[in-house]
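Chain residues, written in single-letter form:
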Amino acid sequence: MSRGPVIYNLFPKLAGAMKGWIAHIRRAKDMGFDTVYVNPFHYPGFSGSIYAPKDYYGYDPLLLGIDRRPGHEQLREVVHAARDLGMRFMMDLVINHTSIDCPLIEKHPTWFKRDKDGKVENPTAKDPADSRKVTTWGDLAEVDNASSPDKDALWDYWTRMVLFYQEMGISDFRGDAAYKVPAELWAKIIQAVRARDPQSRFF
């Protein structure tokens, strides 16, 4: 029987600047891991939460360190170092929400869910043990992937973003809160990625 992936979770804000990730990846390799999974590294919104992305093509300044090179160059170096070690690199895909101060809200207002007064909705979650308890994330904006009148452009945006990081050498992707994203959108993204690399994996 073939073995499934053995995944090491490198949490970016614990690992620090990207330059230092390579040593962690090398250590993970020595321990028998074959895949390194990194939580979101994008530029965050005002809350600073890594799961509140403000700029999908920007990087959290805390992860750039004193290296003056652009974030794309730093990340590409890490990804290729992992590949040279025989490790696959997995990134998080947070496409069900953005930070509440994401520029996309003003640039593409119809991409987001809104209440009856036109205000952008915040994601919520009910406590499975008590549905009366509802958590609302005020630092997040809910993306309307299912019903946006500009859905084609929205889905193309997500697909291009994933392909951008695939071009850096990232082979594996984790869908954050995947159940909140239409299966058809995941299918579109997966098809586009696997057209370039049939061995790409989605989690």
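Given the structure is predicted, the values throughout are model-derived calculations rather than measurements. (Residues numbered from 1 in each chain as written. Predicted model: local features only at pLDDT ≥ 70, side-chain atom pairs only at ≥ 80, totals over all residues. Heavy atoms only, no water.)

With that out of the way, let us pick up the overall build of the chain. Per the secondary structure count, the chain includes six helices and 11 strands. The C-alpha radius of gyration of the chain comes to 18 Å, within 12% of the 17 Å expected for a compact globule of 203 residues. C-alpha atoms of the chain, sized along the principal axes, occupy 55 × 40 × 40 Å. Burial analysis of the chain (203 residues in total) assigns 43% to the buried set. Nonlocal contacts in the chain, meaning residues at least 24 apart in sequence, comprise 69% of its contacts between residues at least 6 apart. When the accessible area of the chain is evaluated, it comes to approximately 10600 Å², of which 54% is carbon and sulfur surface. Distance between charge centres in the chain, computed from 28 positive and 27 negative side chains, equals 3 Å. (Helix = DSSP H or I, 4+ residues; strand = E, 2+ residues; numbered from the N terminus. Rg over C-alpha atoms; globule rule 2.2 N^0.38 Å. Buried < 20%, exposed > 50% of the residue type's maximum accessible area, 1.4 Å probe, protein only. Contact = heavy atoms within 4.5 Å. Areas by Shrake-Rupley, 256 points an atom, 1.4 Å probe, with all protein chains shown as cover. Lys, Arg positive; Asp, Glu negative; His and termini not counted. Charge placed at Lys NZ, Arg CZ, Asp CG, Glu CD.)

It is worth spelling out the nonpolar core at this point. Ranked by size, the top nonpolar core spans 48 residues in total, and within it Trp21, Phe41, Leu75, Phe89, Trp158 and Tyr165 carry the most contacts. Among the elements that line this core, the one with the most residues is helix H5 (residues 151-167), at eight residues. Setting aside its immediate chain neighbours within four residues, Phe41 contacts Trp21, Gly58, Tyr59, Asp60, Leu63, Leu75, Met91 and Tyr165. (Core = buried A, V, L, I, M, F, W, Y, C linked by side-chain atoms within 4.5 Å.)

Considering all chains together, one arrives at 14 salt bridges under this definition. Linked through salt bridges whose partners overlap, the residues forming this network are Lys19, Asp67, Arg69 and Glu77. (Salt bridge = Lys/Arg side-chain N within 4 Å of Asp/Glu carboxyl O.)

A separate point is the pairing of strand E1 (residues 7-10). Burial along E1 is one-sided: Tyr8 and Leu10 are buried, and none of Ile7 and Asn9, which face the opposite way, are. Alignment of E1 against strand E2 (residues 35-38), held across four bridges, turns out to be parallel. Each bridged residue has a counterpart across the sheet, and for Tyr8 the counterpart in E2 is Val36. (Pairing = 2+ DSSP bridges.)

Right, let's talk about H5 for a bit. With 17 residues, H5 extends 24 Å between its outermost C-alpha atoms, agreeing within 8% with the 24 Å of an ideal straight helix rising 1.5 Å per residue. Gly169 sits one or two positions beyond H5 and adopts a positive phi of about 115°. (Expected span 1.5 Å × (residues − 1).)

Here we take up the packing of helix H2 (residues 21-30) against helix H3 (residues 71-84). At a minimum axis distance of 10 Å, the contact between H2 and H3 shows a crossing angle of 15°. What the angle tells us is that H2 and H3 run roughly parallel. You can see that H2 and H3 cross each other, and the crossing is right-handed. Listed contacts from H3 to Trp21, Ile22 and Ile25 of H2 are Leu75, Glu77, Val78, Ala81 and Ala82. Here the contact of H2 with H3 is composed, by residue class, of seven nonpolar, no polar and one charged. (Axes fitted to C-alpha atoms, helices over the stretch in contact; angles between N-to-C directions. Parallel < 35°, antiparallel > 145°, perpendicular 65-115°, else oblique. Left-handed = near helix turned anticlockwise from the far one by under 90°. Nonpolar A, V, L, I, M, F, W, Y, C, P; charged D, E, K, R; others polar.)

Here the focus is the sheet that holds E2. With parallel pairing, five strands are arranged side by side in an open sheet as E1-E2-E5-E10-E11. Edge positions in the sheet fall to E1 and strand E11 (201-202), since each has one partner strand and no second.

Under the 1.5 Å per step criterion, the end-to-end length of H3 is 20 Å for 14 residues, consistent within 8% with the ideal 20 Å. Inspection of H3 places Gly71, Gln74, Leu75, Val78, Val79, Ala81 and Ala82 among the buried residues, and these make up the whole buried set. Here the buried residues of H3 occupy an arc of 160° about the axis, which is enough to place them on one side. Its buried side turned inward, H3 meets H2, strand E4 (53-59), strand E5 (88-93) and H5. Phi turns positive one or two residues past the end of H3, at Gly86, with a value near 85°. (Arc of directions from axis to C-beta.)

Remark: H5 packs on helix H6 (residues 183-196), axes separated minimally by 10 Å, with the N-to-C direction vectors making an angle of 35°. The two elements H5 and H6 meet at a crossing, and its hand is right-handed. Mapping the contact onto sequence places Trp155, Asp156, Trp158, Thr159, Val162, Leu163, Gln166 and Glu167 in H5 and Glu184, Leu185, Lys188, Ile189, Ala192, Val193 and Arg196 in H6. Residue classes in the contact of H5 with H6 are distributed as eight nonpolar, two polar and five charged.

On to the environment of Val134. Summarising the element assignment, Val134 is placed in strand E8 (residues 130-136). Val134 sits 10 residues away from Thr124 along the chain, and the two C-alpha atoms are 6.6 Å apart.

Our next topic: the environment of Val162. Along the chain, the position of Val162 falls in helix H5. For the pair Val162 and Asp152, spaced 10 residues apart in the sequence, the C-alpha separation amounts to 16 Å. For Val162, the residues in contact, after removing those within four places along its chain, are Leu93, Phe173, Ile189 and Val193.

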